[in-house]
Amino acid sequence: MSRIGYTSAAGERTFHLTDSFSVGRDPDNDLVLMNDAAVSRRHARLRRGESGYELADLGSQNGTFLARRGEETRVTGSLLLQHGDVIRVGQSRLIFQDDAPTDSTSKTVIADPHLTSVPGVTKVGRFLPTPPLDRSESPASRPAQRPTPWPSRWPRPRRRRS
């Protein structure tokens, strides 16, 4: 069973997710964030899909953000959630927890190596992570280089005497 963890000044609460779980200031939402002015009346929705839960922003003014592995992205379409994802709605942070067994053989594959964004997601910070360096290419394996001498065509800076 999947759930959302929410921490506020009143304490920590856990909400078990249904097929459709809405977040916003409106009392009709499943999670009501009444005291946060940055949250829209109908801000975001978590919906169970074929592959798992998907997060969608419902056209909120201030946006819905997803933090995964230290990178925060603004959700502009629908985005599949993973265990441990942190959802930021206004000033509130929600933690997605999924108890369903994950298939360790499934991997996300990006077909175009020059792709710097994922459709439906606008990057707020850095681009997609680069693959790890091969140890043979690491700076420690290269011989130390001597500093380059001052180019002769440039005048050397003069020292001021005090």
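Structure: above.
Predicted model, so just to flag it, every value in this text is computed and none were measured.

Some details on the overall build of the protein
Phase 1 of the analysis: A tally of regular secondary structure across the protein gives 0 helices and 12 strands.
Phase 2 of the analysis: Tracing the protein from N to C terminus, the helices and strands come up as β-β-β-β-β-β-β-β-β-β-β-β.
Phase 3 of the analysis: Put simply, the protein has 162 residues, and 27% of those count as buried.
Phase 4 of the analysis: Across the protein, the fraction of contacts at a sequence separation of at least 24, relative to all contacts at a separation of at least 6, is 38%.
Phase 5 of the analysis: Summed over its atoms, the accessible surface of the protein is roughly 12,600 Å², and 50% of this surface lies on carbon and sulfur atoms.

Notes on the pattern of salt bridges
Phase 1 of the analysis: This model, assessed by the stated rule, comprises 4 salt bridges.
Phase 2 of the analysis: Two residues, Arg48 and Asp19, come together in a salt bridge whose shortest N-O distance is 2.8 Å. Here the residue Arg48 occupies a position in strand 5 (residues 44-48), and Asp19 occupies one in the loop between strand 2 (11-16) and strand 3 (20-24), the gap between them amounting to 29 residues.
Phase 3 of the analysis: The exposed category is assigned to Asp19, whose relative accessible area is 51%.
Phase 4 of the analysis: Residue Arg68 pairs with Asp85 through a salt bridge whose shortest N-O separation is 2.6 Å. Here the residue Arg68 occupies a position in strand 7 (residues 64-68), and Asp85 occupies one in the loop between strand 9 (78-80) and strand 10 (86-89), the gap between them amounting to 17 residues.
Phase 5 of the analysis: With relative accessibility at 2%, the residue Asp85 sits in the buried group.

Things to note about the side chain of Ser2
Phase 1 of the analysis: Relative to the helices and strands, Ser2 is located in strand 1 (residues 2-8).
Phase 2 of the analysis: Exposure remark for Ser2: the relative accessible area of 8% places this residue in the buried category.
Phase 3 of the analysis: Here Asp98 takes part through its side chain, which lies 2.7 Å from a polar atom of the side chain of Ser2.
Phase 4 of the analysis: The contacts of Ser2, once residues within four sequence positions are left out, are Phe15, His16, Leu17, Tyr53, Phe96, Gln97 and Asp98.

Some words on the packing of aromatic side chains
Phase 1 of the analysis: Applying the stated criterion across every chain yields a total of 2 aromatic pairs.
Phase 2 of the analysis: Summarising the aromatic geometry, the rings of Phe15 and Phe21 are spaced 6.1 Å apart at their centres and angled 55 degrees between planes, so their arrangement reads as tilted.
Phase 3 of the analysis: Cation over ring: Arg88 sits above Phe65, and NZ or CZ is 4.2 Å from the ring centre.

Observations concerning the nonpolar core
Phase 1 of the analysis: Within the largest apolar cluster, 21 residues are counted, with the highest numbers of intra-cluster contacts made by Val23, Leu31, Leu46, Leu55, Leu81, Ile87 and Leu94.
Phase 2 of the analysis: Elements that contribute at least two residues to this core include exactly strand 1, strand 3, strand 5, strand 6 (53-57), strand 10 and strand 11 (92-98).
Phase 3 of the analysis: With near-sequence residues (within four places) excluded, Leu31 lies in contact with Tyr6, Phe15, Phe21, Ser22, Val23, Gly24 and Leu94.

With respect to unusual backbone geometry
Phase 1 of the analysis: A positive phi angle, near 55 degrees, is found at Arg69, a position not held by glycine.
Phase 2 of the analysis: If you trace the backbone, Arg69 turns up in the loop between strand 7 and strand 8 (71-75).

Digging into the pairing of strand 11
Phase 1 of the analysis: Note: strand 10 against strand 11, 4 bridges, orientation antiparallel. By the bridge assignment for strand 11, Arg88 is matched with Arg93.
Phase 2 of the analysis: Taking the residues that link successive antiparallel strands as the turn, the strand 10-strand 11 hairpin has 2 residues, and the phi of Gly90 there is positive, at about 65 degrees.

Some details on the sheet that holds strand 9
Phase 1 of the analysis: Overall, mixed pairing links the 5 strands, which are arranged 4-3-5-6-9 in an open sheet. The open sheet has two free edges, formed respectively by strand 4 (31-32) and strand 9, since each of these has just one partner strand.
Phase 2 of the analysis: Strand direction decides the pairing type here: strand 3 and strand 5, joined by 4 bridges, are antiparallel. The residue bridging Ser22 from the neighbouring strand is Arg45, located in strand 5.

Reading the values: rules and limits
Residues numbered from 1 in each chain as written. Predicted model: local features only at pLDDT ≥ 70, side-chain atom pairs only at ≥ 80, totals over all residues. Heavy atoms only, no water. Helix = DSSP H or I, 4+ residues; strand = E, 2+ residues; numbered from the N terminus. Buried < 20%, exposed > 50% of the residue type's maximum accessible area, 1.4 Å probe, protein only. Contact = heavy atoms within 4.5 Å. Areas by Shrake-Rupley, 256 points an atom, 1.4 Å probe, with all protein chains shown as cover. Salt bridge = Lys/Arg side-chain N within 4 Å of Asp/Glu carboxyl O. Polar contact = N/O pair within 3.5 Å; in protein donor to acceptor, adjacent residues only side chain to side chain. Phe/Tyr/Trp six-rings, centres within 6.5 Å; stacked < 30°, edge-to-face > 60°. Lys NZ or Arg CZ within 6 Å of the ring centre and 35° of its normal. Core = buried A, V, L, I, M, F, W, Y, C linked by side-chain atoms within 4.5 Å. Pairing = 2+ DSSP bridges.

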